[in-house]
Amino acid sequence: MGHEQTTVPFTVPSFADDVSDAVVKVLDSGWVTTGPQTASFEQDFADYLGAAHVVAVASCTTALELCLRAMDLPPGSAVLTPSLTFCGAINAILHAGHRPVLVDIDEDTLVPSPATVAAAAERAGRPAAMVVQNQGGYPVDVPALTEAAGLDRTRVIEDVAHGPGAGRDGAHAGSSSYAACFSFYATKNLPIGEGGAVATSDQDFADRIRATRLHGMSKDSWRRYLPGGSWRYDVRNVGLKANMTDIQAAIGRAQLTMLPRWQRRRAELVARYDEALAGLPGLVLPQRNLGGVRHAWHLYQIRVPERDALIAELEAAGVSTSVHFIPANQMTAYRSILGAEECGSVPVTDRVGEELLSLPLYPGLSPDGQDRVITALTEALRTRG
Ligand SMILES: *Cc1c(COP(=O)(O)O)cnc(C)c1O
């Protein structure tokens, strides 16, 4: 039997059984771009979250940019953001015409704390807005960080790309936010392939996002082609091309029915990692002080010294891993735009960022695959002495 085992992938998207049927139905319907499926997906996702309004868009990155644009901030405004985040979230701030101000993290939770937010807000002078992020699936305390930044809740955007399934005090992350951005990218907890959404408590904000996701047109083409629809439309704001298609939405609706089961599977895998990896030398397991908090377990992030060597050893042993994230302040483009002083203002991010390692974690990870991860990691650490 196979002595040459295949590599355990870092991530594999799961798909619901009825995804193919759902896609074929849309193709046969004669309407494939934004239309009835998108409207239904928005309603389904709003129901899942318990959110007042959901607007489906092309990606979480465009969701962030649409939210920033809809806030109508003066050009060049200071926008707080964790430096330990995905580059797309930083790009969104820059594309919206604003200035990212980097916020350091709390080393246990890997997200900004009220203290790090307050420090960055002071450095910025008076920040106009803030993006907070649920790193790995840990839901940030949005009201506490909003207060620390001295901002109104209408100037805070929650990046929930890691967070469908996360929650606080029984409520889903993003469900009561003024602006919460979700990702349905291939690797995320609710994978469509590509896609995103804005959830908001505010009808007017939802309307503005809805208009600006499609060029700023006053009526989308589906509505213009409906019986009694008119060819006439106006452009009131210069929008983006950032709509979701009905093909994506149909996939999303089928996927959503599986999400609770997939989230339970993630939690089981996490419990197994916790038990098997506890006490390994040099290893710090993900933060476990979760009172009142439901972690979405998008990522299982450990901290380990000499991480880069370990990544190579694990790869050689047939286990793929990843890093979330290389801090934004270390990237060439942001260093040149923001300057060395700003990029040198997040020491905990720099120190912890060197040690972060994400292990394979996805609903389709088999017990055998997980055992191989555990064995490879255990052996690699043991041989270090
Ligand atoms: C994946 C990700 C994004 C971007 O999501 P897209 O849908 O690919 O644009 C934004 N923020 C974070 C934290 C992410 O991990």
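This text follows the structure it describes.
Numbers given for residues are sequential positions, taken from 1 along each chain in its written order. Where totals are concerned, whole chains, interfaces and linings use all residues; where local detail is concerned, this predicted model gives features only for residues with pLDDT of at least 70, and gives and counts side-chain atom pairs only at 80 or more. Just so you know, side-chain values use all the structure's heavy atoms and leave hydrogens and water out.

Asks: Help me out: how do you make sense of the pattern of salt bridges in this one?
Replies: It is possible for side chains of opposite charge to pair when their charged atoms get near one another. Basic side-chain nitrogens of Lys or Arg form a salt bridge, by our definition, when they fall within 4 Å of a carboxyl oxygen of Asp or Glu. Counting across every chain of the model gives 13 salt bridges. Residue Glu107 pairs with Arg351 through a salt bridge whose shortest N-O separation is 3.0 Å. Linking Glu107 in the loop between strand 3 (99-103) and helix 5 (114-123) with Arg351 in helix 13 (residues 347-353), this pair joins segments that are 244 residues apart in sequence. The partly exposed category is assigned to Glu107, whose relative accessible area is 28%. With a closest N to O distance of 3.1 Å, Arg303 and Glu355 form a salt bridge. Of this pair, Arg303 sits in strand 11 (residues 300-303) while Glu355 sits in the loop between helix 13 and strand 12 (356-359), and the two are 52 residues apart along the sequence. Within this structure, Glu107, Arg303, Arg351 and Glu355 form a network of salt bridges that share partners. In this text, helices come from DSSP runs of H or I with a minimum length of four residues, and strands from runs of E with a minimum of two, each type numbered from the N-terminal end. Three exposure classes are used, based on accessible area relative to the maximum for each residue type with a 1.4 Å probe and protein chains only: buried under 20%, partly exposed in between, and exposed over 50%.

Asks: Help me understand the site of the ligand in this model?
Replies: Think of it this way: one heavy atom of a residue within 4 Å of a molecule or strand is enough to make that residue near it. Close contacts around the ligand come from 14 residues, with Thr61, Asp159, His162, Ser183 and Lys188 the closest. Polar contacts here mean pairs of N or O atoms no more than 3.5 Å apart (in protein, one a potential hydrogen donor and the other a potential acceptor; neighbouring residues in sequence count only if both atoms are side-chain atoms). A distance of 2.6 Å separates an oxygen atom of the ligand from a polar atom in the side chain of Thr61. Asp159 has a polar side-chain atom sitting 2.7 Å from a nitrogen atom of the ligand. About the coverage of the ligand: the protein hides 93% of its 380 Å² of free accessible area. In the scheme used here, Gly and all other residues not listed as nonpolar or charged are polar, with Ala, Val, Leu, Ile, Met, Phe, Trp, Tyr, Cys and Pro taken as nonpolar and Asp, Glu, Lys and Arg as charged. Considered class by class, the residues forming the shell around the ligand number five nonpolar, seven polar and two charged. Every accessible area reported is derived by Shrake-Rupley at a probe size of 1.4 Å, with residue values counting cover from the shown protein chains alone.

Asks: What am I meant to see in the sheet that holds strand 7 (residues 171-172) here?
Replies: A pair of strands counts as paired when DSSP detects no fewer than two bridges linking them. Strands sit in the order 7-6-10 across an open sheet of three strands; the sheet is antiparallel. Edge positions in the open sheet fall to strand 7 and strand 10 (293-294), since each of these has one partner strand only. Bridge count for strand 6 (residues 167-168) against strand 10 is two bridges, and the pairing is antiparallel. Considered in strand 10, the bridge of Arg168 is made with Val293.

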